[in-house]
Amino acid sequence: MPTETTAIETSEGVADGYFLHPQDGPAPAIIIFMDGLGLRPEYIAMAERLVANGYAVLLPNMYYRFNPFEPLNLATDHDRMMAMVATITPTTANRDTKAFLNFLGDHPAVQGHKVGCVGYCMGGAPALAAAAAFPDRVAAAASFHGGRLAIDEPDSPHRRASEMQGEIYVGVSEIDPWLEPGETERLKSALEAGGTKHTVEIYPGAQHGFTVPGLSVYDEAMSERHWERLLDLFARTLK
């Protein structure tokens with residue numbers, strides 16, 4: 001499948017990354033928002049799986065402000081990672097997403113105006129924030145083991161639930177120390193109050209990061225469930 005390296009002009013620099021798409025013509029587009037450890041081969045493989053199911057996929061490096069950048073090691077780079085994660089807020093991410101949407105809107109391999117978004121860990125909040133900030137573009141947004149979705153910050157995604165016109169899916173690890181107490185319940189209440197079409201699902205026994213191969217907490221069975229839910233969501237909303 002064709003894979004391009006990208007250099008997308010944002011309001012704060014040039015975001016590198018990858019764009020993958022099918023060979024047999026234009027396809028609906030999906031943006032993958034990475035986790036806190038950064039882009040690495042496992043994310044390329046996840047993007048390839050989406051392409052094999054008929055989608056064009058943009059995989060941006062959300063840490064482009066720190067270039068040059070190499071994937072982080074959770075055991076040795078924890079403090080550095082947390083400092084970098086702190087810079088990826090819904091506000092900063094939306095500025096980047098605007099540029100990503102412009103890129104996709106102009107690309108000949110992309111079919112249609114609507115896109116899907118999916119975020120993992122750190123990327124969950126940018127995915128949901130995009131649904132609120134760009135309701136005319138984002139047909140569906142998903143978060144898996146995402147954090148900071150319903151916290152006491154003015155730009156927390158749950159505060160804009162009523163602006164999310166696309167369908168929302170949130171997959172929550174049953175074991176997730178990165179979630180604040182009551183965060184999932186606050187998110188569900190906000191989505192319900194906002195009249196947002198949504199599903200919030202708990203993945204039993206799964207730990208934070210369970211979807212991504214290569215992590216010690218990877219859970220193959222629960223990850224396959226995540227793929228079923230994700231592909232079903234995008235099939236309903238983008239095809």
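Now for a look at the structure at hand. (Residues numbered from 1 in each chain as written. Predicted model: local features only at pLDDT ≥ 70, side-chain atom pairs only at ≥ 80, totals over all residues. Heavy atoms only, no water.)

Observations concerning the overall build of the protein chain
Then comes step 1: Tallying secondary structure elements over the protein chain gives 6 helices and 8 strands in all.
Then comes step 2: Counted from the first residue to the last, the protein chain has its helices and strands arranged as β-β-β-α-β-α-α-β-α-β-β-α-β-α.
Then comes step 3: Along the first, second and third principal axes, the C-alpha set of the protein chain runs to 45 × 45 × 35 Å.
Then comes step 4: Sequence-distant contacts, at least 24 apart, represent 72% of the contacts inside the protein chain between residues at least 6 apart.
Then comes step 5: Element-wise, carbon and sulfur atoms account for 51% of the exposed surface of the protein chain, whose accessible area totals about 10,200 Å².
Then comes step 6: Both charge centroids of the protein chain, one from 18 positive and one from 31 negative side chains, sit 5 Å from each other. (Helix = DSSP H or I, 4+ residues; strand = E, 2+ residues; numbered from the N terminus. Contact = heavy atoms within 4.5 Å. Areas by Shrake-Rupley, 256 points an atom, 1.4 Å probe, with all protein chains shown as cover. Lys, Arg positive; Asp, Glu negative; His and termini not counted. Charge placed at Lys NZ, Arg CZ, Asp CG, Glu CD.)

Comments concerning the state of the cysteines
Then comes step 1: Across all of its chains, the model carries 0 disulfides by this definition.
Then comes step 2: Of all cysteine sulfurs in the structure, the one in Cys121 sits closest to Cys117, which takes part in no disulfide; the separation is 17 Å.
Then comes step 3: Judged by its relative accessible area of 0%, Cys117 falls in the buried class. (Disulfide = S-S within 2.5 Å. Buried < 20%, exposed > 50% of the residue type's maximum accessible area, 1.4 Å probe, protein only.)

Regarding the pairing of strand β5 (residues 110-120)
Then comes step 1: For strand β3 (residues 27-33) and β5, the ladder comprises 6 bridges, and the chain directions are parallel. Paired with Ile31 across the strands is Cys117, a residue of β5.
Then comes step 2: Across 6 bridges, the pairing between β5 and strand β6 (residues 138-144) is parallel. Within β6, the position partnered with Cys117 by the bridge is Ala141.
Then comes step 3: The handedness of the β5 to β6 crossover, carried by helix α4 (residues 124-133), is right-handed. (Pairing = 2+ DSSP bridges. Right-handed = clockwise from strand over helix to strand, strands pointing away.)

Observations regarding the pattern of salt bridges
Then comes step 1: Taken as a whole, this structure holds 14 salt bridges when the rule is applied.
Then comes step 2: Residue Glu180 is joined to Arg186 by a salt bridge in which the shortest nitrogen-to-oxygen separation is 3.5 Å.
Then comes step 3: Taking relative accessible area as the criterion, Arg186 reaches 33% and is therefore assigned partly exposed.
Then comes step 4: Three or more residues are tied together by salt bridges with common partners; here these are Glu12, Arg65, Arg95 and Asp96. (Salt bridge = Lys/Arg side-chain N within 4 Å of Asp/Glu carboxyl O.)

Focus on α4
Within an α-helix, residues lying three or four positions from one another point in the same direction, as the helix has 3.6 residues per turn.
Then comes step 1: Across the 10 residues of α4, 9 count as buried, placing the element largely inside the fold.
Then comes step 2: Of the positions making up α4, those classed as buried are Gly124, Ala125, Pro126, Ala127, Leu128, Ala129, Ala130, Ala131 and Ala132.
Then comes step 3: Residues of α4 that are buried sit in contact with β3, α3 (90-106), β5, β6, β7 (167-175) and α5 (183-193).

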